[in-house]
Amino acid sequence: MAKAVKTVSTVVSKVEDLGNDTKRFTLVDQDDWELPPFRPGAHIDVHLGQGLVRTYSLCNEPDDDRRYVIAVKREREGRGGSNFLHDRVEVGQPISVSLPRGGIALDQEGTNIFLAGGIGVTPFISAIRHLERRGRSNYVLHWTSRGRPVLTDMIAPAIEAGLVRLYDTNAQAKPVIAAIFEEFAGSGLAACCGPAAMLKTFGDAVSAWPEERKHIEMFTPPKVIARSDVPPYELYLSASNKLATVTPDVGLLGTLDALGVDVPVSCGGGICGACRTRWTEGPPIHRDRVLSPAERQNELIVCVGDCAGQRLVLDL
């Protein structure tokens, strides 16, 4: 059986310094072929060498299928990915990326309400451009930033049409999130991407909404909870016929690494979906923020996963 394609070879065709410690990178196929398709607001893992993998949302729309566009804010105290991209990535440089995954379902009836903090606007730029291409204006974006926001050029028509509400928190109060979503409680989609405090307030505001009507994108993973209370269990990899015991001090991801299994890991905290893996025997313990209840019936985010029983079987 042919091995499934997991990465795509691209070339950096443009690097733009947008100010405010943010750069925009355009990635294309080296022969200008179409790139694998994606949904509005999908994300890709960018492989930066020496095991450094970081996940970024695509901010162009799916119809723009000959390029992947990402915007990266330098996080000086971050984990190294943004600094690498800002300091070492130039036009003409080859970069491998994952196949796009995730995205925002825009098929709900009613208004799509997007709430973004700073660079967290990227998936919503993709969504807005997708809606505009189809002549749809059933959305509103509430976008907070400290000082001048970047990337406004990508949604200029929406801003001019009054569909984007900007909040410069250096000069004005933050929006009252509960009030924003109270108006739309009966229908539509609520989506948020921003810092942890914003996500928490958003989650509280839409806690009573059905799961299919809310969507969260995270910047950074939450702190991984201690797993010492999970007793050892047997791990069997059905595709490679490997067997091991997972112990609390090593964990599932560490055991997979010791077995030499190539599982792509980006966030390490269950928020990006890079290490999504099929399971066939468990039941597993799910701690991720990615999978839907239906997806958890046969998939596991292994970077934060474990087993509630004595044996876990993964399709690896």
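Above: the structure in question.
Residues numbered from 1 in each chain as written. Predicted model: local features only at pLDDT ≥ 70, side-chain atom pairs only at ≥ 80, totals over all residues. Heavy atoms only, no water.

Enquirer: An account of the environment of Val28 is needed here, citing residue identities and associated values.
Expert: Assignment of secondary structure puts Val28 in strand 2 (residues 22–28). Val28 gets classed as buried once you look at its relative accessible area, which sits at 17%. For the pair formed by Val28 and Val11, sequence separation is 17 residues and the distance between their alpha carbons is 5.4 Å. Contacts of Val28, omitting those with residues within four sequence positions, involve Thr10, Val11, Ser13, Leu35, Arg66 and Arg67. (Helix = DSSP H or I, 4+ residues; strand = E, 2+ residues; numbered from the N terminus. Buried < 20%, exposed > 50% of the residue type's maximum accessible area, 1.4 Å probe, protein only. Contact = heavy atoms within 4.5 Å.)

Enquirer: Provide a residue-level description of helix 2 (residues 122–133), including the pertinent values.
Expert: In a regular helix each residue adds 1.5 Å, so twelve residues correspond to 16 Å; helix 2 covers 17 Å between its end C-alpha atoms and thus fits that length. With ten of twelve residues buried, helix 2 lies mostly within the body of the structure. Backbone geometry just after helix 2 places Gly135 at a positive phi near 70 degrees. (Expected span 1.5 Å × (residues − 1).)

Enquirer: If you had to explain the sheet that holds strand 5 (residues 68–73) to someone new, which residues and values would you point to?
Expert: The strands making up a sheet associate through hydrogen bonds between their backbones, and the pairing can be parallel or antiparallel. An order of 4-3-6-1-2-5 is seen for the six strands of this open sheet, with the pairing classed as antiparallel. The sheet is open, and its two borders are formed by strand 4 (53–57) and strand 5, each paired with just one other strand. Averaged over all neighbouring strand pairs, the angle between strand axes comes to 40 degrees, with direction disregarded. Of the pairings in the sheet, the one linking strand 1 (residues 7–19) to strand 2 comprises seven bridges and is antiparallel in character. Of the residues in strand 2, the one forming a bridge with Glu16 is Arg24. Its contacts with the sheet place helix 1 (residues 81–88) against strand 2, strand 4 and strand 5, and it is angled at close to 110 degrees to strand 5. (Pairing = 2+ DSSP bridges. Axes fitted to C-alpha atoms, helices over the stretch in contact; angles between N-to-C directions.)

Enquirer: So what about the packing of aromatic side chains? Which residues, and what values?
Expert: A full pass over the atoms with the stated rule returns four aromatic pairs. Note on Phe181 and Phe202: the rings are 5.2 Å apart at their centroids and 75 degrees apart in plane angle, and the pair reads as edge-to-face. With Phe181 in helix 4 (residues 177–182) and Phe202 in helix 5 (residues 196–205), the pair connects residues that are 21 residues apart, well separated along the chain. The burial state of Phe181 is the same as that of Phe202; both residues are buried. Aromatic pair Phe181 and Trp209: ring centres 6.2 Å apart, planes at 80 degrees, arrangement edge-to-face. Note that Phe181 is positioned in helix 4 and Trp209 in the loop between helix 5 and strand 11 (214–218), a separation of 28 residues in sequence. The pair formed by Phe181 and Trp209 is uniform in burial state, with each residue classed as buried. (Phe/Tyr/Trp six-rings, centres within 6.5 Å; stacked < 30°, edge-to-face > 60°.)

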